[in-house]
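Fold and geometry: a report
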Amino acid sequence: MSCFEPGGEMRARMAPRAPGVTPIEFRNGARVKAADVPPQGLYRPNDNILTPNMRSPEYVQMSTAAAITLGVMGGRMHRTSCTRCLNLLLTYPEGCRANCAYCGLARHREAERDYADRNFIRVDWPAVPLAQTIDIVAKDGAESAFHRMCISMITHPRSDEDTRTVLKAWTDRIDPKAIPVSILSNPTTMTREDVARLKDLGADIFTVAIDAATPEIFDRTRGKGVQSPHSWAHYWEILMAAREIFGPQKFGAHIIVGMGETEYDVLTLVQKLVDLGGHSHMFCFFPEKGSLMDHLPATPRDQWRRVQLARYLIDYQGGRVEKMRFDESGRVVDYGVSDSAVETIVGEGIAFRTSGCPGKFRDDVSACDRPYGDSPPSNVASYPFQPNGNDLRKIRRQLRIAEKA
Ligand code: SF4
């Protein structure tokens, strides 16, 4: 429980809709399995054609940005030409069996849209044969645009075994020192031994998508509150196993900012992760179309920028949450460092870039840049590139920091 009671009002405002009942004929990918259309190479999400019967490990999905960067799909992105992270999402006709309220992949969408057609972090995820994906990256060698690969598990009975198969297929052809691999885990189906096996197979970083900053919000958005199987306690058990097995700086947690927690709540969690030796990877809440939270407001930019800045100070600059000051609503009013230190960090702009596992530029610049995964390009939340002078002026306005004359 936060010590800032006004957060209670905010939590109430950010309540998800209740999931509806899915008719039996739409459950578990029944429509896709009955049609049984064989996949033929790249599949781009399209509601007007029958979704092929694809499953991992033969097929994986990847973000639109990754498919453009890999060269299997044409397209242009606003102010950026590529992503540095090849994110591979496991795919099955049955889809993810969890029901997280903010997620476009959630189970409650079974009747509305086949799994491989669902939007996720605001974009489409084309499906590509794994062998073709690995061939392209292996052929590109040192020329590859990718600085990192990440396997995104989902909640599915085959997810653990298929993650190992995908990881092994990758490391058989691609040196994990050249393009290291992260695991975005699904703790619900995992044991400590599963975590250890992924390390033994060459995974570099292990992350847990805690997503919710407090146990109450976790339960409400991805546990019993939405008929979803996840438990806060088990997520922490797997995170602590990853801490021991992967070691300092090699584990972390995803957190979504703006689901009803206070800034104090989220920064306390960021501090806890740093004190354990890990990192936090932040997402700005965006009402994903078709999700149980699609009627709710995106995180106000002033709140998001304060959390980004404070998180960067804690994760990379030795800042401490105990030195920061918060108002009666749990908002940051003092970052616990000098004004000139704040000015230096704001001016550098890195704090406002997408956060995630590092690439080859520097430790505090994420390979996982997720272009427009948490905002439209017209009102960027996480910058997938270095913010320029105009961007920094906007960021300062959002932070209510006056520009230096
Ligand atoms: S477990 Fe992950 S993929 Fe599945 S519904 Fe929850 S957030 Fe989405």
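Presented here is an overview of the structure given in this document. (Residues numbered from 1 in each chain as written. Predicted model: local features only at pLDDT ≥ 70, side-chain atom pairs only at ≥ 80, totals over all residues. Heavy atoms only, no water.)

Read from one edge to the other, the open sheet built from eight strands follows the order E3-E1-E2-E4-E5-E6-E7-E8, with strand pairing classed as mixed. Edge positions in the sheet fall to strand E3 (127-129) and strand E8 (279-284), since each of these pairs with one other strand and no more. Strand-to-strand, the axes of this sheet are offset by a mean angle of 30°, without reference to chain direction. The pairing of strand E6 (residues 205-211) with strand E7 (residues 251-257) spans five bridges and is parallel. Residue Ala209 lies in a different strand from E7, and its bridge partner there is His254. (Pairing = 2+ DSSP bridges. Helix = DSSP H or I, 4+ residues; strand = E, 2+ residues; numbered from the N terminus. Axes fitted to C-alpha atoms, helices over the stretch in contact; angles between N-to-C directions.)

Once that is clear, we can look at the packing of helix H4 (residues 130-140) against helix H5 (residues 159-173). Following both chains from N to C, one finds H4 and H5 inclined at 30°, their axes separated by 10 Å at the closest point. With respect to H5, the element H4 is oriented roughly parallel. Our pair here, H4 against H5, has a crossing hand that is right-handed. Seen from H4, the contacting residues are Leu130, Ile134, Asp135, Val137 and Ala138; seen from H5, they are Val166, Ala169, Trp170 and Arg173. Of the residues in the contact of H4 with H5, the class split is seven nonpolar, no polar and two charged. (Parallel < 35°, antiparallel > 145°, perpendicular 65-115°, else oblique. Left-handed = near helix turned anticlockwise from the far one by under 90°. Contact = heavy atoms within 4.5 Å. Nonpolar A, V, L, I, M, F, W, Y, C, P; charged D, E, K, R; others polar.)

Here the focus is the site of the ligand. Surrounding the ligand, one finds Cys96, Ala98, Cys100, Cys103, Leu105, Ala106, Thr155, Arg222 and His230. Taken atom by atom, the bulk of the ligand overlaps the largest cavity. Classifying every residue of the shell around the ligand gives six nonpolar, two polar and one charged. (Near = heavy atom within 4 Å. 1 Å grid on protein atoms, 1.4 Å probe; cavity = no way out; pocket = protein on both sides within 12 Å on 5 of 7 lines; lining within 4 Å. Sits in = over half its atoms within 2 Å of the grid points.)

This part takes up the packing of aromatic side chains. Applying the stated criterion across every chain, the model contains eight aromatic pairs. Aromatic pair Tyr264 and Phe326: ring centres 5.1 Å apart, planes at 85°, arrangement edge-to-face. Linking Tyr264 in helix H9 (residues 263-276) with Phe326 in strand E9 (residues 325-326), this pair joins segments that are 62 residues apart in sequence. Take Tyr264: its relative accessible area is 25%, and that puts it in the partly exposed class. Members of the aromatic cluster, joined through ring pairs, are Phe218, Trp232, Tyr235 and Trp236. Here the guanidinium or amino end of Arg122 rests over the ring plane of Phe286, the centre of that ring lying 4.7 Å away. The ring of Trp236 has Lys272 sitting right over it, with the charged end atom 4.3 Å from the ring centre. (Phe/Tyr/Trp six-rings, centres within 6.5 Å; stacked < 30°, edge-to-face > 60°. Buried < 20%, exposed > 50% of the residue type's maximum accessible area, 1.4 Å probe, protein only. Lys NZ or Arg CZ within 6 Å of the ring centre and 35° of its normal.)

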